[in-house]
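# Working through the structure, step by step
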Amino acid sequence: MIAQIEGLPAGTVGFRAHGQVTAADYENVIVPDVEAAFALNRKLRLLYVTAEDFTGFDPGAMWDDAKMGARHFSGWDRVALVTDVPWLRMTVTAFSFAIPAQFRLFRAAELDEATNWILAS
C-alpha cells in the first residue's frame, strides 16, 4: 500500500510504502499524483519512505516504477529514498548511477534530514 505524504510544497511529492506495494498502488496513487504534479511543474522532487511494515514490491509495481521514471526521465530534480531495508539499500546503491536526478539514500532515523534535503533550495 502507498500513502501520500501530505504537507509538501508544490513541486515536491512524497510517498510512504507499507506492506507489499502493488501495481494497483502505482496506478491509483503514485502515477496520478506524479502526473498532476508534472502538469504544474517542469521539475519534481520526490521523497520516498519505506515504513517499518514494508515487505516489498510486486513485479507489476517495479514495472510501473520503471515506466514512470522513463516517461519523465529529465524531469526529476532531487530524489530521496528513506529506508532501512538492506536489499533495497543495496539495489539502489548499485543502480544509483541511472537515477536521472540528485539522489540521496537515508536511513529511517534520518527522515527529518531527508525531508530538509528535499526541501532545500
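See the structure printed just above.
So, here is what we can say about the structure in this document. Predicted model, so just to flag it, every value in this text is computed and none were measured.

## Side note on helix H1 (residues 23-40)
Compared with an ideal rise of 1.5 Å per residue, which puts 18 residues at 26 Å, H1 spans 25 Å between its outermost C-alpha atoms and is within 8% of the ideal. In H1, a bend of some 35 degrees at Ile30 exceeds every other bend along the element, and Pro32, a proline, comes one to four places later. Residues of H1 that are buried: Ala23, Asp25, Tyr26, Val29, Ile30, Val31, Val34, Ala37 and Phe38.

## Overview of the pairing of strand S2 (residues 12-17)
With 5 of its 6 residues buried, S2 lies for the most part within the structure. Summarising the sheet, strand S1 (residues 2-4) and S2 pair through 3 bridges and their orientation is antiparallel. Opposite Ala3, over in S2, you have Arg16 as the bridge partner. In this sheet, strand S4 (residues 44-50) lies alongside S2 in parallel orientation, the contact comprising 6 bridges. From the neighbouring strand, Val13 faces S4, where its bridge partner is Leu46.

Parameters at a glance
- Residues numbered from 1 in each chain as written.
- Predicted model: local features only at pLDDT ≥ 70, side-chain atom pairs only at ≥ 80, totals over all residues.
- Heavy atoms only, no water.
- Helix = DSSP H or I, 4+ residues; strand = E, 2+ residues; numbered from the N terminus.
- Expected span 1.5 Å × (residues − 1).
- Bend = angle between axes of the 7 residues up to and from the residue.
- Buried < 20%, exposed > 50% of the residue type's maximum accessible area, 1.4 Å probe, protein only.
- Pairing = 2+ DSSP bridges.

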